[in-house]
Structures are given as structure tokens and as C-alpha cells.
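Read off the chains here:
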Amino acid sequence: MNRNLSVDKYTSAIIEALEPRMADNPDLSSLEEFKKLNPKVDLVDGAEMEMTIRGDVMLYKNATGGLGQIRSLDFTTAMCDVFYGEEAVSPTHLKSVVGGVPNL
């Protein structure tokens, strides 16, 4: 995690990546829910956020250890596309995950 990244920039970047992927079925309430899952604190070196997606549910652990969830198929589909779609935001992350799947 970039230690100079504020939680607002992190949240805004995720939402900016989600919005065009949700254009056909905008579930704006899920985007607002995502904003609320991230407390207004500065991210520190080593801060971690965890996302677990199962169907229409994303379980989320924020940088302070707070837990939450979002139930929205449009949101979870868009989130998967952000990281694992044809235009993934991090091709190196995608390659690493795909390469690791056979080792599970």
C-alpha cells in the first residue's frame, strides 16, 4: 500500500473504477455503503483492506479492522471486473492471482 495514500483517495479510486462498470445497472446505494465502510483516518505503512466476494455479497475489513458487508450483485460483479476483467486495473495482480490458483 502506498503510504502517502489517504483513505479518501483510496475510496475515490475504487468508486471511480466501479462506476463505469455499473453504468447499465447503477446501484448508487452500494457505492455510498462502500464509502461508509472506510473510516476517515490516514492510512499508515502496511495498512491492509480485505475483500471477500461470494456471489452478491462482499465482506470487507477496513484498515482499522472494522468489518462490514455490501449485498449487491451489480457491485460485486463490477468489483470483480475491476481486478479480474479484461481491463483489470492491475495486470500484474491479475497475473499473480491466476498463476497462484493451481497451487490452491
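Residues numbered from 1 in each chain as written. Predicted model: local features only at pLDDT ≥ 70, side-chain atom pairs only at ≥ 80, totals over all residues. Heavy atoms only, no water.

**A word on the nonpolar core**
One finds Tyr 10, Leu 18, Phe 34, Met 58, Tyr 60, Phe 75 and Met 79 to be the most contacted residues of the largest nonpolar core, which totals 20 residues. Contributions of two or more residues to this core are made by helix 1 (7–18), helix 2 (28–36), strand 2 (57–61) and helix 3 (73–84). The element contributing the most residues to this core is helix 1, with six residues. Contacts of Leu 18, omitting those with residues within four sequence positions, involve Leu 31, Phe 75, Ala 78, Met 79 and Val 82. (Core = buried A, V, L, I, M, F, W, Y, C linked by side-chain atoms within 4.5 Å. Buried < 20%, exposed > 50% of the residue type's maximum accessible area, 1.4 Å probe, protein only. Helix = DSSP H or I, 4+ residues; strand = E, 2+ residues; numbered from the N terminus. Contact = heavy atoms within 4.5 Å.)

**So, the pattern of salt bridges**
Scanning the model with the defined rule gives four salt bridges in all. Its salt-bridge partner being Arg 21, residue Asp 81 comes within 2.8 Å of it at the nearest N-O pair. Separated by 60 residues along the polypeptide, Asp 81 in helix 3 and Arg 21 in the loop between helix 1 and helix 2 bring together distant segments of the chain. Since its relative accessible area comes to 32%, Asp 81 is described here as partly exposed. The partner of Lys 35 in a salt bridge is Glu 32, and the shortest N-O contact between them spans 3.1 Å. Pair noted here: Lys 35 and Glu 32 are both in helix 2, with a separation of three residues, about one helical turn. Residue classification places Lys 35 among the partly exposed residues on the basis of a relative accessible area of 39%. (Salt bridge = Lys/Arg side-chain N within 4 Å of Asp/Glu carboxyl O.)

By themselves, these figures tell us nothing about what the structure is for.
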